[in-house]
Amino acid sequence: MTRQSIQFDNLETIAIVGCGIIGRRIALFWALRNKKVAIFDINNDTALDARKWIHASFDKYKASNGHPVGEVNVAPTIEHASRGAWMVIECTPETVETKREVIGQIDKFSDPSAIITTNSSSIKSGDLVNYVSESSRGRVLNCHYFLPPEIPVVELMTCGSTTGHTLETLISALSAAGLHPITAKAQSTGLVGNRVWAAIKREVMMVLAEGVVNPEDIDTVFRLGFQTRLGPCEMMDQVGLHTVCDIEDHYLKERVYLPSYAVDFIRQNYVAKGHIGRTIGRGLYNYTELERSKGQPLRREELVGAWELAEYATSSLADPARKVYPLGDHLKGIIIYTLTGHTSVHLQLSGDLPIDTNRVPEGLPRDLTNTGMRSLSYSGPFSVREEDGRSIVQHHLTYSSLPSWQGTTQRRLAHVEKQGNAEFLVLGLEETTQFGGEEWRVMLRWRHLPNVSAS
Ligand SMILES: NC(=O)c1ccc[n+]([C@@H]2O[C@H](COP(=O)([O-])OP(=O)(O)OC[C@H]3O[C@@H](n4cnc5c(N)ncnc54)[C@H](O)[C@@H]3O)[C@@H](O)[C@H]2O)c1
């Protein structure tokens, strides 16, 4: 079968078995492609909660892809979910026995032509087919999603018996759905994304277990150093620390030379206490506390000092961790608040300035134009006020390099955040913009500068 021969519209129903953190996202992804999705979870409340979450997420994504959405139904058993589906996706915890059992059940109840995939992060599908009949193994394979609907890459890997027809059909369907499938050429414990990510996670867990720095510092170094949207600790919290540990256990079993102290540390200090990550509000970070600190009214004295621009980003209101950086790291800046109630702000785009000459007056007008186009400065008194439970910093501009701002009051939503030893002032524009069916806000994040000694 060629890729072109797949009739995407005819591939109607998809079943998902296990709808925890990732299963529900995969279900959402396919429902957004107007596919009918049957979801089953051993815990019926989880399945009901997943359906609620999927429905609540429709609005966020619907507008961006323009398709009508498909029905999402909770199935009472694996049998009900699997019957009639063209693809059944196993999405249960990262333990070999559970996955083997579940895939065996799917084989028993699914249509003989249905594709059976496992979303396992580290286990080869070839190790999961013990209870699958010989005749069905040709339709089993790994198909690993990252974080749908946002992240469009998927990785495929044969179970050793997967037929070319199964692979081609799936690749066509995934491509038609807007995903980027990458197929492994050899069987591997963990696909490429997982293996690279596993190495990062492992080292991060060791850094934490050895008490080198805290999660905030790891994320700051990573985000700024590698220019990523999230740091690895934020990402591990998003995945779920219980799953992170299960995945690492699987690698440890196969790679006996790896030490286990780091995963033991995460299990004892986080998972055993129920701090499994973002979904419950506590993992490597305490999200409840972070939210609470944001909700505190800002005091004027908290602003006093000098702050250096750490980040200029546009952030999604629905998920503030989702950010885009329209200027990369090219914008530099400083903001100073004095005890006497004055502020001075300077922002400048970095890069070489085309200076014509150092001689005055010939080079001066053009140099000033060049620098003026790349920088913004203003100063004047400032004040802080509370409005509807939000802190607003008001900059009353006496001077401004932008003539139209002179005499105006620039209002910014504001809060102060602590990350380890670092303190950040976050200033956001009040107005938001619509993009891709989502609402976004420009946020400037300023790091508090230490006092400089007078000597
Ligand atoms: N979390 C992620 O970001 C992520 C990303 C890619 C891949 N994965 C992989 O996807 C799989 C699921 O991960 P998760 O994070 O969603 O885990 P999870 O613990 O959040 O969800 C697993 C779900 O499976 C259900 N379950 C357990 N046994 C079952 C059974 N016998 N039948 C039906 N349902 C059962 C559980 O009730 C739970 O709701 C794992 O293999 C994981 O490695 C996870």
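Conventions adopted
- Residues numbered from 1 in each chain as written.
- Predicted model: local features only at pLDDT ≥ 70, side-chain atom pairs only at ≥ 80, totals over all residues.
- Heavy atoms only, no water.
- Helix = DSSP H or I, 4+ residues; strand = E, 2+ residues; numbered from the N terminus.
- Buried < 20%, exposed > 50% of the residue type's maximum accessible area, 1.4 Å probe, protein only.
- Contact = heavy atoms within 4.5 Å.
- Areas by Shrake-Rupley, 256 points an atom, 1.4 Å probe, with all protein chains shown as cover.
- Disulfide = S-S within 2.5 Å.
- Near = heavy atom within 4 Å.
- Polar contact = N/O pair within 3.5 Å; in protein donor to acceptor, adjacent residues only side chain to side chain.
- Phe/Tyr/Trp six-rings, centres within 6.5 Å; stacked < 30°, edge-to-face > 60°.
- Lys NZ or Arg CZ within 6 Å of the ring centre and 35° of its normal.
- Expected span 1.5 Å × (residues − 1).
- Axes fitted to C-alpha atoms, helices over the stretch in contact; angles between N-to-C directions.
- Parallel < 35°, antiparallel > 145°, perpendicular 65-115°, else oblique.
- Nonpolar A, V, L, I, M, F, W, Y, C, P; charged D, E, K, R; others polar.

- An unreviewed UniProt entry annotates the chain as 3-hydroxyacyl-CoA dehydrogenase of Aspergillus sclerotialis.

## Section: the overall build of the chain
Then, in step 1: Within the chain, the secondary structure is distributed over 13 helices and 19 strands.
Then, in step 2: Buried positions account for 46% of the 455 residues belonging to the chain.
Then, in step 3: The contacts of the chain with a sequence gap of at least 6 include a subset with a gap of at least 24, amounting to 63%.
Then, in step 4: With the model as given, the accessible surface of the chain reaches about 22300 Å², and the carbon-plus-sulfur share is 54%.

## Structural notes on the state of the cysteines
Then, in step 1: Enumeration according to the criterion identifies 0 disulfides in this entry.
Then, in step 2: Note on C91: no disulfide assigned, nearest cysteine sulfur contributed by C19 at a separation of 8.7 Å.
Then, in step 3: With relative accessibility at 9%, the residue C91 sits in the buried group.

## Focus: the environment of S315
Then, in step 1: Summarising the element assignment, S315 is placed in strand β9 (residues 305-316).
Then, in step 2: With 117 residues separating them in the primary sequence, S315 and T432 have C-alpha atoms 9.7 Å apart.
Then, in step 3: In contact with S315, other than residues within four places in its own chain, are P320, R322, K323, E439, W440, R441 and M443.

## A word on the site of the ligand
Then, in step 1: In the neighbourhood of the ligand, 26 residues make up the surrounding shell, with I22, D41, E94, K99 and S121 lying closest.
Then, in step 2: At 2.5 Å from an oxygen atom of the ligand is found a side-chain nitrogen or oxygen belonging to E94.
Then, in step 3: At 3.2 Å, a side-chain N or O of H242 approaches an oxygen atom of the ligand.
Then, in step 4: Contact with the protein chains covers 87% of the free accessible surface of the ligand, which is 820 Å².
Then, in step 5: Elements with a minimum of two residues in the shell around the ligand: α4 (96-109), β6 (140-145) and α9 (241-254).

## Concerning the packing of aromatic side chains
Then, in step 1: The final tally for this structure, using the stated rule, is 7 aromatic pairs.
Then, in step 2: On the numbers, 5.2 Å between centres and 90 degrees between planes, the contact of F29 with W30 is edge-to-face.
Then, in step 3: What makes F29 buried here is its relative accessible area of 2%.
Then, in step 4: Measuring from ring centre to ring centre gives 4.7 Å for Y337 and F382, while their planes differ by 70 degrees; the resulting arrangement is edge-to-face. Taken together, the positions of Y337 in strand β11 (residues 331-337) and F382 in strand β13 (residues 375-387) put the pair 45 residues apart, joining distant regions of the chain. There is no split in this pair, since Y337 and F382 are both buried.
Then, in step 5: Following the ring pairs from residue to residue traces out a cluster consisting of F29, W30 and W86.
Then, in step 6: The cationic tip of R202 hangs over the ring face of Y251; the distance from NZ or CZ to the ring centre is 5.5 Å.
Then, in step 7: The ring of F382 has R300 sitting right over it, with the charged end atom 5.1 Å from the ring centre.

## A closer look at α9
Then, in step 1: Under the 1.5 Å per step criterion, the end-to-end length of α9 is 20 Å for 14 residues, consistent within 8% with the ideal 20 Å.
Then, in step 2: Along α9, the positions that sit buried rather than exposed are L241, V244, C245, I247, E248, H250, Y251 and L252.
Then, in step 3: As for α9, its buried residues are in contact with α4, α6 (192-209), α8 (232-239) and α10 (261-269).

## Re the packing of α6 against α9
Then, in step 1: One can describe the packing of α6 onto α9 by two numbers: an axis separation of 11 Å at closest approach and a directional angle of 105 degrees. It follows that α6 is roughly perpendicular to α9 by the angle criterion. Residues N194, R195, A198, K201, R202 and M205 of α6 touch α9, and the partners they reach there are V244, I247, E248 and Y251.
Then, in step 2: Partitioned by chemical class, the residues of the contact of α6 with α9 number 5 nonpolar, 1 polar and 4 charged.

## Side note on the environment of V384
Then, in step 1: In this structure, V384 sits in strand β13.
Then, in step 2: By relative accessible area, V384 is classed as partly exposed at 23%.
Then, in step 3: Counting along the chain gives 11 residues from V384 to H395, while the straight-line C-alpha distance between them is 9.0 Å.
Then, in step 4: Apart from residues lying up to four places away in sequence, V384 is in contact with L298, R300, L303, I392 and V393.

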